[in-house]
Structures are given as C-alpha cells and as structure tokens.
Amino acid sequence: MVAASSSSSLSSSSTASSSSSWSPFALMVSSKPPPQWEKDDLDLNPVQAKFSNFTVVGQLGYAPFWSGRSRSRCLRIRASVSGGRRGSSSQDGNSAVEDEEKEEKKGLLLGTELDGYGSGSVVGFNLIPQSGKVEFNGVNDSSKETTTNGLEDSEDIGREKNAKTKVTHNIVFVTSEAAPYSKTGGLADVCGSLPIALAARGHRVMVVSPKYINGTPADKKFANAVDLDRLIKVYCFGGVQEVGFFHEYRDGVDWVFVDHPSYHRPGNPYGDIHGAFGDNQFRFTLLCHAACEAPLVLPLGGFTYGEKCLFLVNDWHASLVPILLAAKYRPYGVYKDARSILVIHNLAHQGVEPATTYMNLGLPPEWYGAVEWVFPTWARKHALDTGQAVNLLKGAVVTADRLLTVSQGYSWEITTAEGGYGLNGLISSRRSVLNGITNGIDVAEWDPSSDEHIACHYSAENLNGKAQCKIALQKEVGLPIRPDCPLIGFIGRLDYQKGIDLIRSAIPEIMEDEVQFVMLGSGDPEFEDWMRATESAYKDKFRGWVGFNVPISHKITAGCDILLMPSRFEPCGLNQLYAMRYGTVPVVHDTGGLRDTVENFNPFVQEGHGEGTGWTFSPLTKESMLAALRNATRTYREHKPSWEGLMKRGMQRDYTWENAAIQYEQVFEWAFLDPPYVS
Ligand SMILES: Nc1ncnc2c1ncn2[C@@H]1O[C@H](COP(=O)(O)OP(=O)(O)O[C@H]2O[C@H](CO)[C@@H](O)[C@H](O)[C@H]2O)[C@@H](O)[C@H]1O
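No experiment lies behind these values; they were computed from the predicted model shown.

Draft legend 1. Quick peek at the packing of helix 11 (residues 464-477) against helix 14 (residues 550-559). Two numbers describe how helix 11 lies on helix 14: the axes approach to 8 Å, and their chain directions differ by 130°. In terms of orientation, helix 11 and helix 14 fall into the oblique class. Between helix 11 and helix 14 the crossing geometry is left-handed. Contacts between helix 11 and helix 14 involve Lys466, Cys469, Lys470, Leu473 and Glu476 from the first element and Ile552, Lys555, Ile556, Thr557, Ala558 and Gly559 from the second. Among the residues forming the contact of helix 11 with helix 14, the class breakdown is five nonpolar, two polar and four charged.

Draft legend 2. Fine view of the pattern of salt bridges. Counted by the stated rule, this structure contains 19 salt bridges. Where Asp513 meets Arg630, a salt bridge forms, and the shortest distance between an N and an O atom there is 2.9 Å. Here Asp513, found in the loop between helix 12 (500-510) and strand 21 (516-523), pairs with Arg630, found in helix 17 (residues 622-638); they are 117 residues apart in sequence, far enough to count as distant.

Draft legend 3. Geometry of the environment of Asn464. Inspection of the secondary structure puts Asn464 in helix 11. In this structure Asn464 comes out as exposed when scored by relative accessible area, which is 60%. Along the sequence, Asn464 and Ile232 sit 232 residues apart, while their C-alpha atoms lie 56 Å from each other. For Asn464, the side chain forms a polar contact with the side chain of Asn462, separated by 3.1 Å.

Draft legend 4. The confidence of the model for the protein, seen in detail. When pLDDT is averaged across the protein, the result is 82; 76% of the residues are at 70 or more. Across residues 1-130, where pLDDT falls below 50, the model places 292 contacts with residues more than four positions away in sequence or in other chains. Residue range residues 134-148 is modelled with pLDDT below 50. Its contacts to residues more than four positions away, or to other chains, number 34 contacts. The complex model carries a pTM of 0.80, and its ipTM stands at 0.99.

Draft legend 5. Examining the site of the ligand more closely. Near the ligand lie 28 residues; those nearest to it are Asp189, His345, Arg493, Glu570 and Gly573. The separation between an oxygen atom of the ligand and a polar side-chain atom of Glu570 is 2.5 Å. Asn575 places a side-chain nitrogen or oxygen 2.9 Å from an oxygen atom of the ligand. With the chains in place, 97% of the 710 Å² that the ligand exposes on its own is no longer accessible. Mapped by element, the contributors of at least two residues to the shell around the ligand are helix 4 (186-200), strand 20 (487-494), strand 21, helix 14 and helix 15 (575-581). Take the shell around the ligand: its biggest share by element is four residues, from helix 4. Its residues assigned to classes, the shell around the ligand shows 11 nonpolar, 12 polar and five charged.

Draft legend 6. Summary view of unusual backbone geometry. The step from Ala179 to Pro180 runs through a cis peptide bond, and the omega angle for that step is 5°. In this fold, Pro180 is placed in the loop between strand 5 (170-174) and helix 4. Here the bond from Ser618 into Pro619 is cis, since omega is 0°, no more than 30 degrees from zero. Of note, Pro619 is situated in the loop between strand 25 (615-617) and helix 17. Despite not being glycine, Phe237 shows a phi value in the positive range, around 50°. Mapped onto the elements of the fold, Phe237 is located in the loop between strand 8 (232-236) and strand 9 (239-250). Residue Phe237 is classed as partly exposed on the basis of its relative accessible area of 27%.

Draft legend 7. Region of interest: the sheet that holds strand 23 (residues 562-565). With parallel pairing, the six strands of this open sheet are ordered in space as 22-21-20-23-24-25. Looking along the sheet, the strands with just one partner apiece sit at the ends: strand 22 (542-546) and strand 25. Across the sheet, the mean angle separating the axes of adjacent strands is 20° when strand polarity is ignored. Across eight bridges, strand 20 lies against strand 21 in parallel orientation. Following the sheet pairing, Leu494 is matched in strand 21 by Gly523.

Draft legend 8. Examining the environment of Asn631 more closely. Counting through the fold element by element, Asn631 comes out in helix 17. Placed 16 residues apart in sequence, Asn631 and Trp615 show a C-alpha to C-alpha distance of 8.4 Å.

Draft legend 9. Region of the structure containing the packing of helix 6 (residues 320-329) against helix 8 (residues 392-399). Helix 8 packs onto helix 6 with a crossing angle of 55° between their chain directions and a minimal axis gap of 7 Å. One way to sum up the angle between helix 6 and helix 8 is to call them oblique. Between helix 6 and helix 8 lies a crossing of left-handed hand. Residues Leu320, Pro322 and Ile323 of helix 6 form the contact with helix 8, whose own contacting residues are Leu392, Gly395, Ala396 and Thr399. Class assignment of the residues belonging to the contact of helix 6 with helix 8 gives a composition of five nonpolar, two polar and no charged.

Draft legend 10. Broad picture of the packing of aromatic side chains. Under the defined criterion, the tally for this structure stands at 23 aromatic pairs. Judged by centre distance (5.6 Å) and plane angle (85°), the ring pair of Phe284 and Trp316 falls under edge-to-face. Pair noted here: Phe284 is in helix 5 (residues 280-297) and Trp316 is in the loop between strand 13 (309-314) and helix 6, with a separation of 32 residues, a long-range link. Residue Phe284 shares its accessibility class with Trp316, and that shared class is buried. Between Trp446 and Tyr582 the ring centres are 5.9 Å apart and the planes differ by 75°, which places this aromatic pair in the edge-to-face class. Of this pair, Trp446 sits in the loop between strand 19 (434-436) and helix 11 while Tyr582 sits in the loop between helix 15 and strand 24 (585-589); the two residues are 136 residues apart in sequence, bridging distant segments of the chain. For Trp446, a relative accessible area of 2% gives the class buried. What makes Tyr582 buried here is its relative accessible area of 0%. Among the aromatic residues, those joined into a cluster by ring pairs are Tyr181, Phe222, Trp255 and Phe257. Between Arg265 and the ring centre of Phe277, over which it is positioned, the NZ or CZ distance is 4.6 Å. A cation over a ring is seen here: Arg568 above Tyr496, with NZ or CZ 4.1 Å from the ring centre.

Analysis parameters
Residues numbered from 1 in each chain as written. Predicted model: local features only at pLDDT ≥ 70, side-chain atom pairs only at ≥ 80, totals over all residues. Heavy atoms only, no water. Axes fitted to C-alpha atoms, helices over the stretch in contact; angles between N-to-C directions. Helix = DSSP H or I, 4+ residues; strand = E, 2+ residues; numbered from the N terminus. Parallel < 35°, antiparallel > 145°, perpendicular 65-115°, else oblique. Left-handed = near helix turned anticlockwise from the far one by under 90°. Contact = heavy atoms within 4.5 Å. Nonpolar A, V, L, I, M, F, W, Y, C, P; charged D, E, K, R; others polar. Salt bridge = Lys/Arg side-chain N within 4 Å of Asp/Glu carboxyl O. Buried < 20%, exposed > 50% of the residue type's maximum accessible area, 1.4 Å probe, protein only. Polar contact = N/O pair within 3.5 Å; in protein donor to acceptor, adjacent residues only side chain to side chain. pLDDT = per-residue confidence, 0-100. Near = heavy atom within 4 Å. Areas by Shrake-Rupley, 256 points an atom, 1.4 Å probe, with all protein chains shown as cover. Pairing = 2+ DSSP bridges. Phe/Tyr/Trp six-rings, centres within 6.5 Å; stacked < 30°, edge-to-face > 60°. Lys NZ or Arg CZ within 6 Å of the ring centre and 35° of its normal.

Shown next as structure tokens:
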C-alpha cells in the first residue's frame, strides 16, 4: 500500500516491505549459469528423487518424509526436460485442440459487468471462450526455435505479437500486493500489469489480493470496488473467520479484494513503524483460503471462473494455495483439472514460522511433511531447539505444478547454494518444471513522452526535455542547479538485498568526485538514519528522500543521468528497466535479472558507435562498483556521442508485457500437459 506516499521529504515511512521472517544467509552470486542442465547437477540420490515431501534441512540437503500416510504422497518427478516435453506436447495438444473444437464452436458470454452501484443491472458483455478453448491463429508451432530456457526466442515472439492467444485460460493471480491498489515494491508492479496483458490476449483473468485499509488517502484506491455481498467461512487458527469480497472490473481484469478486519490497520501490507505485523501468517492464510474459494463462489460478470483454473501464486504470501489445492480440494474431486504455478519474485522471504503454527493453517494433519522445515544446527537458538519450523514457500515448491522466476538468470541462481536460500536442493530436483521469464513494465505509466509526474516530456527522437527534468529535480530536492554535473540516482527498498551497505561504504569516495547523488528509499531504520546523516554531511551533493513516493520515483528516473543498482541479488529488477526507458543509464551489479537486462557498454564495436545500454560490474565490491561508476561519469563528461548512444539504445528497447505474456502462455501450456499434483 502506498501508505507513506506523502510528499513531505525526509519523513520516515512505513518499514519492512515484507514480513517474512527469514533471511539469514549471506548471498553473493556471481558465476555464470551453465549452458544447460547436466544430470549430475542433481544432488539427489534415486530414492530421494522419487519423493516430494522432503524435509528440508536448511542448506544442508533433505531427506524423504517417510511417516505412514505420506508415503502415498509420491510425486512423479518428471523425467523429461522442458524441450522434450514440448515436443510431445504439440501432438497431444493438437488432438486436444481438435476434440475441443468439435465439442464447442462458440464461446460463452462472460465478463458481464454489473453497474457500479451494485444494483445488479448488467451494463456490458464480453464474449470470451471457455477456459482451455482453443482458437487457431495461423502460427505454425513446429517452426519455432526455443532458447535454452525452453521458451520461444524474441524473434518468434515478434511474429505472434498483436495476436490473441490460441488457448485461453481462466487465470487466478494470488498476490499480497497489486498496483495501483497496494504497493511496496516490484511484486505490485508485476501483479498490476501482467494480468492486464494476459486479459488483452483473450484470457479471463482475476487478481485476488487483500483490501488493505490504513486510514490514509490511499484507501480511495478501492473506491470503485463493489461489495459482492458474498461471505465465506474460513476454518483456520482454531476458529472460523468470516471473509468478504469486493470487486472491480478494470482493463479487462476482475480485481477481487479479500476483506477482513486484519487488513484494516495503519501501515503497509506487511508492517508499520514498529516492524512486521505479528499475525502475517494468519493474514496471508486467510488470503489463500479465500483465493481458493473465489473461483468457485464469485459469479463475476454473472459467471464463476469454475474449477478449471490456472492459479498463479506469487511468493510466500500466496504459497498455501497449491498446498490447499492438493490437500483440501483434490481429495474431494474439486480442482482436479486446475493447475498452479509458483512465481518466485524473491526467494529470500519464505514465510517461515514455528512448527507449532502448522495446526493453524487449515491443512489436514497428515500434510505436515509438505511444509516441514528444519533449520540446520548452527541456525538454532539454543541446545533444546530442534529447529522445527513450517515453510510455506517450500510447500509451494513441492506442490505447485510448475515453478517460474522473473528472469532466466535468477531461475538458475536459485538452484545454487549461494542463491537458493536453503531451497536450492529441492528446487534443483524440480528443474524440469522450472523456467524464468523476464518481467515487462507498464509502458503507459512509465513513458517519458507522457509521464504526468515529470517536468518536461521527451523521447529517443527528441531528448531535449530530459535536461529540463534534471534541472527540475535538482530544484525540487534543493541541490545546486548544475546541468553538466553527473546526477546519480538510487530508488528502492533500503535492505540487504539492494546493496545499500555497499553504497554506504562507498559514499565518501563517491562524494570526492564532481557528482550529485539522490536516493529515494524506505525500509531499514538504520539506513534511513544514515541517509539523513549523509545529507547533512554533503549538503551540496547528496539528497536522501526517506519514504515511499511514486511521483518522486518518476522524477528521479527522468532527472538523473545514471541509476545505481548494486543489488546483492536481483530476481529481475524493474528500476533499471524504467531507467533505460527514460534514457537514464544503469550501473548495476552483474547478477540475476540485472545481468539479463543490462547490456554492458562496449565503445569499440559497431565502427566506433559502441553497443550496450549500461555498465554491469562484478564482483560485488566497493572497488568494482566505484570503477564502473567512474567509467560512467567519465563517458558522460568526455564522450557525449557515446553517452547519447547509450541513452537511445536503452530507450528503444521493447519493454512491453506482451513479450512476457506470450512466454507465460507457453508455460501455461506445459502446466496443462502433465497431471496436477495429487497426494
Ligand atoms: N521509496 C520508494 N518510493 C517509490 N517507489 C519505490 C520506492 N522503493 C521502491 N519503489 C518502487 O518499487 C518497485 C521496486 O521494484 P524492484 O523490481 O526493484 O524490486 P523489489 O525488490 O521490490 O521486487 C521483487 O519483485 C520484482 C518483481 O518481480 C523483481 O523485479 C525484483 O527483482 C524482486 O526483488 C519499483 O516500481 C520502484 O520504483
């Protein structure tokens, strides 16, 4: 939620962007992914490989869970890799297509809109085919090349652009935040725009997230959501909770908001000035139960989504969904045709709580093994601590039908000890269903030629306005107006992931150079205080804006020359994409999605015109970061044509969600080829 979006500078904002309790391991990811998976990369023995209910023992490995009934919960580890499965898929897919075509020639009348006052009048209709219905659009599948990721390369995607999808699904996103309704970071951006891109391609899409009310003007964002007057009972935490639903149909998407008193309190979605909320496990357990019921009970536009849905569950907050599908619904024949995909935006937060909380989750007792987690001995607090815990993300890694990360690089990193946060062994065992798809961005919200937040509009064809944006930013934050002085920016959560400690250690040296630096961020109070102190120490060169402020983030993106992102790990990263679209050159740590999206500058190729869109540095040290920054500032000062080339190449890249949406569809197709996870 944009809780602390007041524009007053230096006001402390809400804290932790995620409540999840556990991120103890240091992370330094720098090695390159292997070109393709080797059998020996799997550190499982054959017996382990057969069973899914692993008891994960921190980073040390795992063992099959052998207690009585859990033996029957045997997961068929898919033997074939994506490419192979894809080959067989096209045959199966075609016959299914023909059958379904014969069965049903016409679509259903769906997406009927009730009027905004809840009177029940129908004001519009959408003709949408039933989930899984197939339409041909003349694209010949067999001609497509795949990347090592198994997904189509961008040239092939180019051919399919502007086309509607061939197979439509009823898709249910489950997320703790979705922009513009609630946002603390990139998860909200993705869940606010990918659903719209998928709906535009013909899918029926619902996004289920909490209706946060925190007593600020941000509450108005839910003003158009209508109470569906449908209460459900959720049995969890030793009692019965009554949960309601609100609904807004916007941009082709059903935005469904789960309503419960635990979402009504000051702060952001996960915490307030005192830290993370103590009942987050309860709040997101409710979300997951409600999300499982929503497709069955909510007649959105007159029709429920029904059982044959595809759940896209995002991060640990939504991770109970695939476990509930397997443990609570499928044993009774419900959701047997549904599939679930776990989308991992950040593996460092896993929803780990004491083992005694298992009984609160609303799962049958015999499913404990799915979420069981044992801390390694060194991570235990005292001699009697058995290290027993429940780990919701681990449960989703086990039970989801497929796994996705938000860049290809990150999908490899999470299989390594450095990037796997204790789940690398388990995730490696599911490599055959793991893919990475780089996020897109909302190109309407982030467009320098029409952005309502910036002082002057500009484009790759006419860059003049960017200089005005820089002056306006310097004025707004009270820095000396110096059009020729390189202006460096940073935007993001102030936490370990984002490498703030590295910036802190390098600031004295950075400030020795002729540069200005603007930082926008909130999070760890220690870093918030450091930003304030640094501003006092370097009055003419440094500004630290503590808070969460979307308009300022746009102004910094447009007004700066350079965006610094020394992230320790970065599953995708959106700010570097926004920066490139605004002609602001990124200097980033060579990791995860940053490595996938920022092309390192090489001034000598293309007959001296150069190529690349920014600087990537490695290893993650102060020295290599300073060297990259100094390269950038020197290029800015001394090689203007090269700088303009860097800006333009970044601005001209395709950042639309459509590319990603098409790759998601390929993964959907694979998800429905295999049977769902059953006990
Ligand atoms: N103080 C502030 N004021 C205003 N806006 C602010 C802000 N701090 C951050 N933001 C905004 O929040 C978003 C942050 O997105 P990121 O992708 O950088 O990070 P995040 O780590 O939250 O997301 C996780 O999920 C996303 C989505 O998958 C991945 O890209 C990423 O790598 C992963 O860590 C951007 O829109 C940024 O402008």
